[in-house]
Amino acid sequence: MVDFHPSAAEAVIAAKAREYARGTLAQQAGRYDDGEFPEGPARELARLGLMAIKSPTEYGGAGLTQVAYVSALREIAWACGSTAVTMAVTNMTGEMIATFGDDAQKDRWLRKIASGEMLSAAFALSEPSAGSDASSLGTKAVASDDGSFYTLDGTKSWITTGDRAGVVLTMARTGGPGAKGISAFLVDPALPGFGVLRHESKMGLRGSSTVGLAFEGVRVPTHERLGPEGIGFRVAMTALDGGRCGIGAQAVGIATGALEALVQGLGERKLVDRRLGLTQLVDFRIADMATRLEAAWLLVLRASQRKDAGLPMTREAAMAKVFATEAANFVCQRAMELATAHGLGTRGRIARALRDVRVSRIYEGTSEVQRIVIARELVAGLG
Amino acid sequence: MDFALTEIHEMVRKEARRFADAELLPVAAKIDKTGEFPADKVRKLAELGFLGMAVDEKWGGAGFDNLAYAIAMEEISRGCASTGVIMSVNNSLVCDPIKRYGNDAQKKKWLVPLAQGERLGCFALSEPGSGSDAAGMRTTAIRDGDHYVVNGTKNWITNGKEADVCVLIVHTDPSERHAGISALVVDRKETPYGIGKVEDKLGIKGSSTTSLVFEDVRVPVENRLGEEGDGFKVAMSTLDGGRIGIAAQALGIAQIAFEEALAYSREREAFGKKIGDFGAIREMLADMATEIDAARLLIWQAAVCKDEGGRYGKYSAMAKLYASEMSARVTHKALQIHGGYGYVKEYNAERHCRDARITEIYEGTSEIQRLVIARETQKELGAGR
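Everything numeric here is computed off the predicted structure, so don't read it as measured data. (Residues numbered from 1 in each chain as written. Chains lettered and ligands numbered in written order. Predicted model: local features only at pLDDT ≥ 70, side-chain atom pairs only at ≥ 80, totals over all residues. Heavy atoms only, no water.)

Undergrad: Any chance you could explain the overall build of chain B here in plain terms?
TA: In terms of regular secondary structure, chain B is built from 12 helices and 10 strands. Taken against the 2.2 N^0.38 rule, which gives 21 Å for 385 residues, the C-alpha radius of gyration of chain B at 21 Å falls within 12% of a compact globule. Its C-alpha atoms put chain B at 80 × 55 × 40 Å along the principal axes. Taking all 385 residues of chain B together, 62% fall into the buried category. Look at the contacts in chain B between residues 6 or more apart in sequence, and 75% of them connect residues 24 or more apart. Carbon and sulfur atoms make up 50% of the accessible area of chain B, which totals about 14,800 Å². Taken together, the 51 basic and 57 acidic charged side chains of chain B have centroids lying 2 Å from each other. (Helix = DSSP H or I, 4+ residues; strand = E, 2+ residues; numbered from the N terminus. Rg over C-alpha atoms; globule rule 2.2 N^0.38 Å. Buried < 20%, exposed > 50% of the residue type's maximum accessible area, 1.4 Å probe, protein only. Contact = heavy atoms within 4.5 Å. Areas by Shrake-Rupley, 256 points an atom, 1.4 Å probe, with all protein chains shown as cover. Lys, Arg positive; Asp, Glu negative; His and termini not counted. Charge placed at Lys NZ, Arg CZ, Asp CG, Glu CD.)

Undergrad: For this particular structure, what's the right way to read the packing of aromatic side chains?
TA: How two aromatic rings sit relative to each other is set out by the distance from centre to centre and by the angle between their planes. Per the counting criterion, the structure on display carries eight aromatic pairs over all chains. Centroid distance Phe4(A) to Phe3(B): 5.6 Å. Interplanar angle 90 degrees. Geometry classified as edge-to-face. In this pair, Phe4(A) sits in the segment before helix H1 (8-33) while Phe3(B) sits in the segment before helix H1 (7-24), so the two residues belong to two different chains. By the burial criterion, Phe4(A) is buried, and Phe3(B) matches it. With a centroid separation of 4.9 Å and an interplanar angle of 35 degrees, the aromatic rings of Tyr193(B) and Phe214(B) are classed as tilted. Placement of the pair is Tyr193(B) in the loop between strand S5 (181-187) and strand S6 (194-198) and Phe214(B) in strand S7 (residues 209-220), with a sequence separation of 21 residues. Positioned over the ring face of Phe330(A) is Arg292(A), at 3.6 Å from the centre of the ring. Looking at Arg143(B), its charged tip hangs above the ring of Tyr148(B), at a distance of 5.8 Å from the centre. (Phe/Tyr/Trp six-rings, centres within 6.5 Å; stacked < 30°, edge-to-face > 60°. Lys NZ or Arg CZ within 6 Å of the ring centre and 35° of its normal.)

Undergrad: Would you mind showing me how to read the environment of Ala296(A) here?
TA: All names here are of chain A. Among the secondary structure elements, Ala296 is positioned in helix H7 (residues 278-308). For Ala296, a relative accessible area of 0% corresponds to the buried category. Separated by 60 residues in the primary sequence, Ala296 and Asp356 place their C-alpha atoms 18 Å from one another.

Undergrad: For this particular structure, what's the right way to read unusual backbone geometry?
TA: Peptide bonds are trans in most cases, and residues, glycine excluded, mostly fall at negative phi. Although it is not a glycine, Leu205(A) sits at a positive phi angle of roughly 45 degrees. Following the sequence through the fold, Leu205(A) ends up in the loop between strand S6 (194-199) and strand S7 (210-221). The exposure class assigned to Leu205(A) is buried, which follows from its relative accessible area of 2%. One non-glycine residue with positive phi stands out, namely Ile204(B), at about 35 degrees. Take Ile204(B): it is sitting in the loop between S6 and S7. Of the residues examined, Ile204(B) reaches a relative accessible area of 3% and is grouped as buried.

Undergrad: Looking at this model, I keep getting lost on the interface of chain B and chain A. Mind explaining?
TA: The figure often quoted for interface size is the accessible area lost as the parts come together. In this assembly, 44 residues from chain B lie in contact with 40 residues from chain A. Interface area, chain B with chain A, both sides summed: about 4,000 Å², of which 69% is carbon and sulfur. The largest share of the area that chain B buries against chain A comes from Met1(B), Phe3(B) and Leu381(B), three residues that together contribute 19% of it. Our count for the chain B to chain A interface comes out at three salt bridges. Between Asp293(B) and Arg302(A) there is a salt bridge, and its shortest N-O distance comes to 2.8 Å. (Buried area = accessible area lost by both parts, 1.4 Å probe. Salt bridge = Lys/Arg side-chain N within 4 Å of Asp/Glu carboxyl O.)

Undergrad: How do you make sense of empty space enclosed by the protein when you look at a structure like this?
TA: A water-sized probe, rolled over the atoms, reveals where empty space remains. Tallying each qualifying case throughout the model produces six cavities of 30 Å³ or more. Volume-wise, the largest cavity comes out at about 120 Å³. Among the elements of the structure, helix H4 (66-79), helix H5 (81-101) and helix H7 (231-267) of chain B are those that each provide at least two residues to the lining of the largest cavity. Residue classes in the lining of the largest cavity are distributed as six nonpolar, six polar and three charged. Of the volumes computed, that of the second largest cavity is approximately 60 Å³. Around the second largest cavity, the lining residues are Ala77(A), Trp78(A), Ala79(A), Cys80(A), Gly81(A), Ile254(A), Arg349(A), Arg352(A), Ala353(A) and Asp356(A). (1 Å grid on protein atoms, 1.4 Å probe; cavity = no way out; pocket = protein on both sides within 12 Å on 5 of 7 lines; lining within 4 Å. Points joined across faces, edges and corners; volume = space filled by probe spheres on them. Nonpolar A, V, L, I, M, F, W, Y, C, P; charged D, E, K, R; others polar.)

Undergrad: Before we go on, may I ask you to explain the nonpolar core in this structure?
TA: Proteins that are soluble and globular tend to have nonpolar side chains buried together. Counting residues in each nonpolar core, the largest one holds 158 residues, and the members touching the most others are Leu50(A), Ile76(A), Leu259(A), Leu262(A), Met87(B) and Ile299(B). With 17 residues, helix H8 (residues 279-307) of chain B is the single largest residue contributor to this core. Residues Cys95(B), Leu125(B), Ala134(B) and Val165(B) belong to the second largest nonpolar core, which totals 34 residues. (Core = buried A, V, L, I, M, F, W, Y, C linked by side-chain atoms within 4.5 Å.)

Undergrad: What should I look at first to understand a nonpolar patch on the surface in this one?
TA: A surface patch of nonpolar side chains, about 330 Å² in accessible area, is lined by Tyr341(B), Tyr343(B) and Val344(B). Structurally, the position occupied by Tyr343(B) is in helix H10 (residues 340-343). (Patch = residues over 30% accessible without salt bridge, like charges linked within 9 Å, V, L, I, M, F, W, Y side chains within 5 Å.)

Undergrad: Any chance you could explain the side chain of Asp241(A) here in plain terms?
TA: Residue and element names in this part refer to chain A. Within the secondary structure layout, Asp241 lies in helix H6 (residues 232-269). Of the side chains with opposite charge, Arg244 lies nearest to the buried Asp241, which makes no salt bridge, at 4.5 Å. Excluding its chain neighbours within four sequence positions, the residues that come into contact with Asp241 are Met313, Thr314 and Ala317.

Laid out in structure tokens, this is it:
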């Protein structure tokens, strides 16, 4: 039955996230925009049960749904995009361990993620020359003769919290070219040969670190391979299906924060010139922003609920991501223009939202990749 | 949270789609060309129970909810946009206010035959000099004993030519603005009024759009819906619901335009491959499909909220604003994908563009929807706190 209401448990965890976001986190967010990693918030998120929302309770997770996850993430993103992306990548990595890992792996890693013993987890897929075309990645994992370990060599790029993570889910090639030659590994950053490369200086999400990772003869024990050889690409795509809902939610959250800051700023100034009809032009923009965000959020919820129901949702997740991130960019741009034009006191916050939201159209699959995913099914006659 | 339809809703969708495929799609182009009112199709809609969908069975309706109505509206409009608006007006703008504001005698007399499709309704609010500014209307109904004497002209009345039951919004107290407005049911058989010129329109050409002329028409006081002064509330709350129907109409038009463009992209070849294999065409198709889904979710949300008895005015305004503008974009792209064939009447793409255009105007222009949404949004987000 069509029902737009979250369950009680979903509503509770979203409310918890909202309370924290609109209290402490909102006050601190400016600091993290100056480049400080949101270490305190990361610990607090774990304490609130927000770092392993979908992980089973027996491993310390909240045992909840994708709908719960995106709802909570949207609330955190409302206050701080940097904290939200840290939360997103940590939850996503944990979910892959919960989905594809064996009991020992779950026991080893999920508790640490859920409890906050590790600040974050990381997901290493992209490389300097393999972004959208992920199946062409070149990082190699060569099995030892006795089969007890793999030796990883290669470079990863754009890795969110790659320098802070307690575990790095790494995609590397164990077989031939193409998607089927890729496997997934749980890499402990303490292993010899694992190195953090350059910290990127970014336009937004400045509190979340984005680094390159070097694998120079890193010996990863075979028991840290996630699932059998050759499923790495499937792991990555599964992660991204859920992850794209998350990025959609993050974008909606950031943009909702900008829209609220705009509306409240305008209310404080009350200087919009009615004689020129400007009030109505501002109203019209607010209406367009609110409408697009509402539609975006419904697409995120629809894709998320399908994931919870075990239904195919690759196309729905792509739709949610492309629509939500583009709507959110539209909203933040409009909010910035109006806030600047009216000299609003809240414009600093809106500027941060605009910078934070830009990357949502790029990471976890660019808008262009999402459109390719959507159209592929349609033209193939599956739609 | 759930986005799956119940069996009943699935059944409504299937029935509506079957009817649209078999009865509407084959003749939609002809209806557009001749501009003839599709009387036999409307009769068949009545047999399906689609003319009083959200009316209780007790009052002759099908007893479905508003979500079922929205689903059926999409499917019928997918088949024929003209038939869609005829259905929408009878359901949303005529049955709904009589259902909500009528007394039992009024329901028995009008709601039952309207819901069963024995009679057809129209809704008269706009005038030559007042559209969005509804309270600026000039039509008056001056009390004279047991009657109101109605004078004035109403404009842009869908179903105006064929309808014989009219929900009429008038000033019973011309000295007041909103507070002086009342709603009457005018039975054309009992108290005939004049039908003005039938408009020659850009699209939805199979539905009639006329003016209605009232010259000393004596309407019994017992025909009033609610109290004197309730009329503005009746009209606005009726439009809140009507917007769900029009949004669903816009969605249905977009859906068929998309389906045809997708099919064309899989057949048409250029530069040695199917045009659907070009990135530019795929990008258009991806955006069309995404926006169609977004609109459908907004519409369902508004309908479900109405069914739950919640405040749904913002949701229906968002649904209508988004779906109508989406439909304009999608039909535009569908025509583009067809190239020259899209511009000629051999294909349907140009008709869909023409049919979609009105959805941005009637039952509240996009501009009015934006005012409604902005007001509600600023209230929610605490402007000025």
